[in-house]
Amino acid sequence: MDQAMIEASAIVDPGAILGAGTRVWHFAHVCGGARIGAGCSLGQNVFIGNDVRIGDRCKIQNNVSVYDAVTIEDEVFCGPSMVFTNVWNPRAAIVRKDAYRPTLVRRGASIGANATIVCGVTIGRYAFIAAGAVVTRDVPDFALMAGVPARQSGWIGRHGERLALPRGADGDATCPHTGERYQVRGGVCRLLDTPL
């Protein structure tokens, strides 16, 4: 089993758990309570808080801070300089560590560069958050989100390509790259061929 690779300038506090094959790059800091799965990449200047769980095969790109109360499932992509928050109404003079709102990023989701995820939301499986978007509410599985605040602009498959599915109506589509079949019923998109 491969060991984790930690670049010399990175800081991994005692107690942190890094899965096999995980790479921690220049100037990153992983706090002692963090739990990070196997095969992950933590880019330059990444910060991982104590109360953070990250699944397997995730890519956390440069300049991303994953603060306490954030859980990231397997195969999630966090683009450069995207932002997580953990307090809804921060004030410098008021300590609100007991008011952290948990954020969950489900398996396979992608968050674009410079996007902001306001605390307390769940981002669904394989959802895609466009660069610069500001997510203020829960995101459905396979949803394509863009804008400030982020609004759904369509559906996206596991391969990362937009699906020919209607927004706001039922429909069926096949991914042209994988042949996987998707179905939308009542505002819920699901993959028909493979269980999640």
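Relevant structure appears above.
Throughout, a residue's number is its position along its own chain's written sequence, starting from 1. In view of the model being predicted, local features appear only for residues whose pLDDT reaches at least 70, and side-chain atom pairs are presented and counted only at 80 or more, with totals across whole chains, interfaces and linings using the full set of residues. Only heavy atoms go into the side-chain values, all of them from the structure, while hydrogens and water stay out.

A few points about the nonpolar core
Counted only if it meets this: Among buried residues, the Ala, Val, Leu, Ile, Met, Phe, Trp, Tyr and Cys ones that are joined through side-chain atoms within 4.5 Å form a nonpolar core. Only protein chains enter the accessibility calculation, which uses a 1.4 Å probe. A residue is then buried if its area is under 20% of the maximum for its type, exposed if over 50%, and partly exposed in between. Here a strand is any run of E in DSSP of at least two residues, a helix any run of H or I of at least four, and the numbering for each starts at the N terminus. In this description, contact between two residues means that some pair of their heavy atoms is separated by no more than 4.5 Å.
Among the nonpolar cores identified, the biggest contains 50 residues, and I48, I72, F84 and I111 are the most heavily contacted of them. Contributing elements (two or more residues each) for this core: β9 (52-54), β12 (70-72), β21 (143-146), β25 (181-185) and β26 (188-191). With sequence-adjacent residues up to four places away left out, I72 is seen in contact with R53, I54, G55, C58, I60, V66, C78, F84 and V105.

What to know about the pairing of β25
Stated formally: Two strands form a pair only when DSSP identifies at least two bridges running between them.
By the bridge criterion, four bridges tie strand β24 (residues 171-174) to β25 in an arrangement that is antiparallel. Within the sheet, the bridge partner assigned to A173 lies in β25 and is Y182. Linking β24 back to β25 in an antiparallel pair, the connection comprises six residues, with G179 at a positive phi of about 80 degrees. In this sheet, β26 lies alongside β25 in antiparallel orientation, the contact comprising four bridges. Bridging from a neighbouring strand, Y182 pairs with L191 of β26.

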